[in-house]
Amino acid sequence: MAKRMTAAEAARLIGNGEVVAVNSSSGLCCPDAVLEAIGQRFRETGAPRGLTTVHPIAAGDMFGTKGVDHMAQEGLISTIIGGSYPSGPSSSEPPLIWQMLLDNRVAAYNVPSGIVFDALREAAGLRPGVMTKVGLDTFVDPDQDGCAMNDAARQKPIVKKIDFEGEEWLYFPAIKPDVAIIRATTADERGNLTFEQEGAYLGAMELALAAHNCGGRVIAQVRRVAEAGTLKPHDVRVPGILVDAIVEAPEMLQTTATAYDPAISGELFRPLNSFKMPEFDAAKVIARRVAVELEKGWAVNIGFGISANVPRIFLEEGRHGDVTWVIEQGAVGGIPLLDFKFGCASNAEAFVASPHQFSYFQAAGFDASLLSFLQIDRNGSVNVSKLSARPHVTAGAGGFVDITARAKKIVFSGYFNAAAKLAVEDGQLKINKEGKVAKLVDEVEHVSFSGRRAVAQGQDVTYVTERCVMRLTLEGPTVIEVAPGVDIDRDIQGQSEIPLKIASDVRPMNAALFQPACFGLGAGSVQ
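Right, let's walk through the structure included here. Bear in mind that the values here come from a model prediction, so they are computed numbers and not experimental data.

**Overview of empty space enclosed by the protein**
Overall, the coordinates contain one cavity of 30 Å³ or more when judged by the stated rule. By volume, the largest cavity is sized at about 40 Å³. Every residue lining the largest cavity is listed: His-55, Ala-58, Ala-59, Val-68, Ile-80, Ser-84, Tyr-85 and Pro-86. Looking at the lining of the largest cavity residue by residue, the class counts come to six nonpolar, two polar and no charged.

In structure tokens:
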């Protein structure tokens, strides 16, 4: 039976040199009280030392939930394996964990989130590791960075390229945690866990099972404790037979900068008219044009950025329900939320465990994915995971590599260059001042998505910007549509570091996209 204890007592369960896996997505499900207690124990006693911490998705954020930053102390962490990392505005001081990895004071790896979950599931089954094609020809590949984020990590490779029956595969050893730290809403006295006020399950069961089956310990942070036998068995997501310690933290945030919103946890369905529509500007034009790429009945993944507004475009156009949205944290259906609440959805139809969602993504079980870009190069490759000039602005790859590895259709969206002053007036795009940083470059700084591999696999890839729409062809990104008011030579070719192919049948973008009124979205119809 699980033992109730304080966060400080739970922190003492962790020994030197152990592997500690944390279930979190920024502030969502973050067991922040336990992580804080570990950091406090280290400051007071110098223990535990030399930990390897494992984060399938980032633990903590820059907006009130410190997460892994509680533990970002010299000597406490020696190695960190993260699907993503806390991120925020470039004007802010980088999170402490970023400062440590940039200074090579910790060996840091950015492993795709789905692969991290896979490596934990393999450990739970006492199997040797993960063999996958996810990540080939990207920064994950040992021929590039092998997931290493700094020189300290490059000295200790964690992925191999192997041949199996005449094909290339990537091999990651199983990750065997000594401790799993998870979070739920309620624990009963026997340690059974329910998640009724959480916006996701993430990988709580998988982390707990991996730690337990490898002889480790499971610490569960919860909001409250109930009498044994009072929880409904269908509501229990992690059984008490896997849980060793229960830590009560009644004041924990539900997610980033959010104390509690019952719509996030599916306890309340919001009226559709309560969702704020995006303001009419260049970003909305981009989101509208992205929406045109989708067809009724599709299941569509969305990522952070401009594409996160596409569900609201469907709602505004009276097409809500035509598409089912699926996000890596596990929500299926409903309306994915924005800003601090990204990763959550209101009015969801279901919550799926993240590892299952990633299996769905890795095998291209869905119809399309809508994602952002930082850079696009001559081969159509995309970088979303690294900007050396402002490293903590990006969280790393997260689930991006898992999602794009085999996706049938991908629509990348973003501004054509960085920091341009734009307006949409009189049905045309107005470029009042050009941006200073090109996003169309000869070679991306980090290959998060391989254009060459996409072409070889026959993936349908589109890039939507405020100035033009491009498709990925054998010749690279090819301009197929141009915004009204935009000059191809001056505003597109002149602002790209690479010569772009212009389709022989290039046409104007739909003029209705550039008017404030609803444009008449017809799923699957470009015009």
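**Let's talk about the pattern of salt bridges**
Should the charged atoms of two oppositely charged side chains come close, the side chains can pair. Inspection of the entire model under this criterion finds 27 salt bridges. Residue Arg-105 pairs with Asp-103 through a salt bridge whose shortest N-O separation is 3.4 Å. Owing to a relative accessible area of 33%, Arg-105 belongs among the partly exposed residues under this scheme. Glu-481 is the salt-bridge partner of Arg-289, the closest N and O atoms lying 2.7 Å from each other. With Arg-289 in helix H7 (residues 282-292) and Glu-481 in strand S33 (residues 476-482), this pair connects stretches of sequence that are 192 residues apart. Summarising the burial analysis for this pair, Arg-289 and Glu-481 share the class buried. Several salt bridges converge on common partners, so that one network encompasses Arg-289, Glu-293, Lys-409, Asp-460, Arg-471, Glu-481 and Arg-507.

**With respect to the nonpolar core**
Counting residues in hydrophobic clusters, the biggest one holds 129 residues, and the most contacted among them are Leu-193, Leu-294 and Phe-412. If one sorts the elements of this core by residue count, H7 sits on top with eight residues. Dropping the residues within four chain positions of it, Leu-193 is found in contact with Ile-182, Ala-184, Thr-186, Ala-187, Ala-220, Val-222, Asp-235, Val-236, Arg-237, Val-238 and Val-243. In this structure, Ala-11, Leu-35, Ala-59 and Ala-245 belong to the second largest nonpolar core, which totals 33 residues.

**Details of the pairing of strand S31 (residues 460-464)**
Where burial is concerned, most of S31 is hidden: four out of the five residues are buried. By the bridge criterion, five bridges tie strand S25 (residues 409-413) to S31 in an arrangement that is parallel. Note that in S31 the partner of Val-411 across the bridge is Thr-462. By the bridge criterion, three bridges tie S31 to strand S32 (residues 468-473) in an arrangement that is antiparallel. By the bridge assignment, Tyr-463 is partnered in S32 with Met-470. Following S31, the chain reverses through three residues before pairing antiparallel with S32.

**Quick notes on the pairing of strand S12 (residues 217-222)**
Buried residues dominate S12, accounting for five of its six residues. Relative to S12, strand S9 (residues 179-183) runs parallel, the two being bridged by five bridges. Looking at S12, one finds that Ala-180 is bridged to Val-218. In this structure, S12 lies alongside strand S15 (residues 245-248), joined through four bridges in parallel fashion.

**Examining the sheet that holds strand S1 (residues 3-4)**
Strand order across the open sheet formed by eight strands is S1-S15-S12-S9-S2-S3-S4-S5, with parallel pairing between neighbours. The sheet terminates laterally at S1 and strand S5 (107-110), the two strands that pair on one side only. When strand S2 (residues 19-22) meets strand S3 (residues 51-55), the two strands line up parallel, connected through three bridges. Across the sheet, the residue bridging to Ala-21 is Val-54, located in S3. Across the face of the sheet, helix H2 (residues 32-45) comes into contact with S2, S9, S12 and S15 while running at roughly 120° to S12. With respect to the sheet, helix H6 (residues 204-213) is in contact with S2, S9 and S12, its orientation differing from that of S9 by roughly 155°.

**A closer look at the environment of Glu-328**
By the element assignment, Glu-328 lies in the loop between strand S17 (324-326) and strand S18 (331-332). Residues Glu-328 and Pro-250 lie 78 residues apart in sequence; the distance between their C-alpha atoms is 27 Å. Apart from residues no more than four positions distant in its own chain, Glu-328 is found in contact with Ile-57, Ser-113, Asn-301, Ser-354, Gln-357, Phe-358, Phe-361, Gly-398, Gly-399 and Ile-403. A polar contact of 3.4 Å, which involves the side chain of Glu-328, links it to the backbone nitrogen of Gly-399.

**Points about the sheet that holds strand S14 (residues 236-238)**
Judged by pairing direction, the sheet is mixed, and its four strands sit side by side in the order S13-S10-S11-S14 without closing on themselves. Single-partner strands in this sheet number two, and they are strand S13 (224-226) and S14. The sheet contact formed by strand S10 (residues 186-188) and strand S11 (residues 193-194) spans two bridges and is antiparallel. Residue pairing in the sheet places Ala-187 in a bridge with Leu-193 of S11.

**Digging into unusual backbone geometry**
With glycine set apart, most residues show a phi of negative sign, and most peptide bonds adopt trans. Residues Ala-47 and Pro-48 are joined by a peptide bond in cis, for which omega reads 0°. Topologically, Pro-48 is positioned in the loop between H2 and S3. Of note in the backbone geometry, Asp-137 takes a positive phi value of approximately 65° without being a glycine. With respect to the helices and strands, Asp-137 occurs in the loop between strand S6 (129-132) and helix H5 (151-154).

Analysis parameters
Residues numbered from 1 in each chain as written. Predicted model: local features only at pLDDT ≥ 70, side-chain atom pairs only at ≥ 80, totals over all residues. Heavy atoms only, no water. 1 Å grid on protein atoms, 1.4 Å probe; cavity = no way out; pocket = protein on both sides within 12 Å on 5 of 7 lines; lining within 4 Å. Points joined across faces, edges and corners; volume = space filled by probe spheres on them. Nonpolar A, V, L, I, M, F, W, Y, C, P; charged D, E, K, R; others polar. Salt bridge = Lys/Arg side-chain N within 4 Å of Asp/Glu carboxyl O. Buried < 20%, exposed > 50% of the residue type's maximum accessible area, 1.4 Å probe, protein only. Helix = DSSP H or I, 4+ residues; strand = E, 2+ residues; numbered from the N terminus. Core = buried A, V, L, I, M, F, W, Y, C linked by side-chain atoms within 4.5 Å. Contact = heavy atoms within 4.5 Å. Pairing = 2+ DSSP bridges. Axes fitted to C-alpha atoms, helices over the stretch in contact; angles between N-to-C directions. Polar contact = N/O pair within 3.5 Å; in protein donor to acceptor, adjacent residues only side chain to side chain.

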